[in-house]
Amino acid sequence: MVAIVGCGCLLGLPPGRAADLTITGANSCPTRLAQGPDGRLYVTDPIAGSVFIYDSSLAPIGEIHGADRPLGIAVDWQNRIFVGSASVRHIKIYSPEGDMLGVVAEGQVEMPNDMAFDLDGNLYVADSKLGHIAVFSTDLALVRTIGVGGTGDGELSFPSSVAIAYRLVPSSQPTGE
């Protein structure tokens, strides 16, 4: 499955299907997406103030309300949903049912614009205001930052996305790079 988000549309391209499938619904400005280990797709919409939830066939199945202009999103191996916001300085954690479990990174992030987990369970957060990638351990403690904000050589100006690359090793087990 390939999904593409952009203000005003969410496109899904299921495997083996030639035509694009446009997902309709309440999304006014789908911004970021993440897929959970259960196959669900989670899409943030800062205009609607919600996270929209789709099943693996891209049918809408739920919504997390009151997410304070959600931007970045990631789902861990326990299906916990991590949501960053343009208006609060922390990351909210939700259950798969949409119940808020708590917050992390209080005062350690300013604009968590995108997030991704590596295979070890570390959380990488692209913080657009601070101009770096924050790395949180499996117990969600800040362990380091990558980069520094700025516009010079080697500096990051408004990092807005982060992705973890995997490669197959001879044993066919995925490895993060």
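Preceding this section is the structure that the text describes.
Definitions and limits used
Residues numbered from 1 in each chain as written. Predicted model: local features only at pLDDT ≥ 70, side-chain atom pairs only at ≥ 80, totals over all residues. Heavy atoms only, no water. Helix = DSSP H or I, 4+ residues; strand = E, 2+ residues; numbered from the N terminus. Buried < 20%, exposed > 50% of the residue type's maximum accessible area, 1.4 Å probe, protein only. Pairing = 2+ DSSP bridges. Axes fitted to C-alpha atoms, helices over the stretch in contact; angles between N-to-C directions. Salt bridge = Lys/Arg side-chain N within 4 Å of Asp/Glu carboxyl O.

Quick look at unusual backbone geometry
Here's step 1: Positive phi, normally seen in glycine, also occurs at A105, with a value near 60 degrees.
Here's step 2: Its place among the elements puts A105 in the loop between β11 (100–104) and β12 (112–117).
Here's step 3: In the Ramachandran plot, L140 falls in the positive-phi region, its phi being about 65 degrees despite a non-glycine side chain.
Here's step 4: With respect to the helices, strands and loops of the structure, L140 is situated in the loop between β14 (132–136) and β15 (142–146).
Here's step 5: Judged by relative accessible area, which is 16%, L140 ranks as buried.

Observations regarding the sheet that holds strand β10 (residues 91–94)
Here's step 1: Across the sheet, which stays open at both edges, the four strands sit in the order β8-β9-β10-β11 with antiparallel pairing between neighbours. On the outer flanks of this sheet lie β8 (70–75) and β11, each paired with one strand and no other. The mean inter-strand angle of the sheet, taken between neighbouring strand axes irrespective of direction, is 25 degrees.
Here's step 2: Relative to β10, strand β9 (residues 81–85) runs antiparallel, the two being bridged by three bridges. In the strand pairing of β10, I81 is matched with Y94.

Overview of the pattern of salt bridges
Here's step 1: Following the criterion strictly, the structure yields three salt bridges and no others.
Here's step 2: A salt bridge links R80 to D76; the shortest N-O distance between them is 2.7 Å.
Here's step 3: On the basis of relative accessible area, R80 is assigned to the partly exposed category, the value being 22%.
Here's step 4: Note on D76: relative accessible area 4%, which makes it buried.

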